[in-house]
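Here's the letter readout for the chains.
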Amino acid sequence: QVRLEESGGGLAQPGGSLTLSCSTSGSIFRFNSMGWYRQAPGKQREFVAAIIRGVRPHYADSVKGRFTISKDNVKNTIYLQMNNLEPEDTAVYYCKAVPLGGEDSWGQGTQVTVSS
């Protein structure tokens, strides 16, 4: 059973920054990809960013140039640096891990609210 634990959510003003973290039990190398999704009230969960084995990070068009995904192989953690936040970024952010074999795993989510 893969355990993913997100942290770092909170309240930010428009134009502000937040950094989300997602730590996993065990080695991060067992995953083919890890990434972030978000779900705003009344909307479907949507892709935000992902680190995929062997390729460059992928981003949703809505966050390109503002968000940066990264990973720390020693800490078995991925991060989402979110800059120039907009009210439209308000959502619950979920970490997702896609293993080399087996089912995908999701974290419990962390709330991000962008408001003045």
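Residues numbered from 1 in each chain as written. Predicted model: local features only at pLDDT ≥ 70, side-chain atom pairs only at ≥ 80, totals over all residues. Heavy atoms only, no water.

Caption draft 1: Region of the structure containing the sheet that holds strand E3 (residues 18-24). Sheet architecture is open: 4 strands sit in the order E1-E3-E8-E7, paired in antiparallel fashion. Lying at the two open borders of the sheet, with one neighbouring strand each, are strand E1 (4-7) and strand E7 (67-72). Along the sheet, successive strands turn relative to each other by an average axial angle of 15°, direction set aside. Summarising the sheet, E3 and strand E8 (residues 77-82) pair through 6 bridges and their orientation is antiparallel. (Pairing = 2+ DSSP bridges. Helix = DSSP H or I, 4+ residues; strand = E, 2+ residues; numbered from the N terminus. Axes fitted to C-alpha atoms, helices over the stretch in contact; angles between N-to-C directions.)

Caption draft 2: Highlighting the side chain of asparagine 76. Along the chain, asparagine 76 turns up in the loop between E7 and E8. Asparagine 76 sits in the buried class, given a relative accessible area of 17%. One polar contact links the side chain of asparagine 76 to the main-chain carbonyl oxygen of glycine 26, over a distance of 3.1 Å. (Buried < 20%, exposed > 50% of the residue type's maximum accessible area, 1.4 Å probe, protein only. Polar contact = N/O pair within 3.5 Å; in protein donor to acceptor, adjacent residues only side chain to side chain.)

Caption draft 3: How the structure looks around unusual backbone geometry. For asparagine 76, which is not a glycine, the phi torsion comes out positive at approximately 50°. A positive phi angle, close to 50°, is found at asparagine 84, a residue other than glycine. Note on placement: asparagine 84 falls in the loop between E8 and strand E9 (91-99).

Caption draft 4: Layout of the state of the cysteines. Per the stated rule, a full pass over the model turns up 1 disulfide. Across the disulfide from cysteine 22 sits cysteine 95; the S-S distance is 2.1 Å. Because the torsion about its S-S bond is -80°, the bridge between cysteine 22 and cysteine 95 counts as left-handed. Of this pair, cysteine 22 sits in strand E3 while cysteine 95 is found in strand E9, placing the two residues 73 residues apart along the sequence. (Disulfide = S-S within 2.5 Å.)

Caption draft 5: Representation of the pairing of E1. On E1, burial follows the alternation: Leu4 and Glu6 on one face are buried, whereas Glu5 and Ser7 on the facing-out side are not. Taken together, the 4 bridges between E1 and E3 define a ladder with antiparallel strand orientation. By the bridge assignment, leucine 4 is partnered in E3 with threonine 24.

Caption draft 6: Layout of the nonpolar core. In this structure, Met34, Trp36, Leu80, Met82 and Tyr93 are the most contacted members of the largest nonpolar core, which totals 28 residues. Breaking this core down by element, the ones donating at least two residues are E3, strand E4 (31-39), strand E5 (46-52), E7, E8, E9 and strand E11 (110-114). With 4 residues, the single largest contributor to this core is E9. (Core = buried A, V, L, I, M, F, W, Y, C linked by side-chain atoms within 4.5 Å.)

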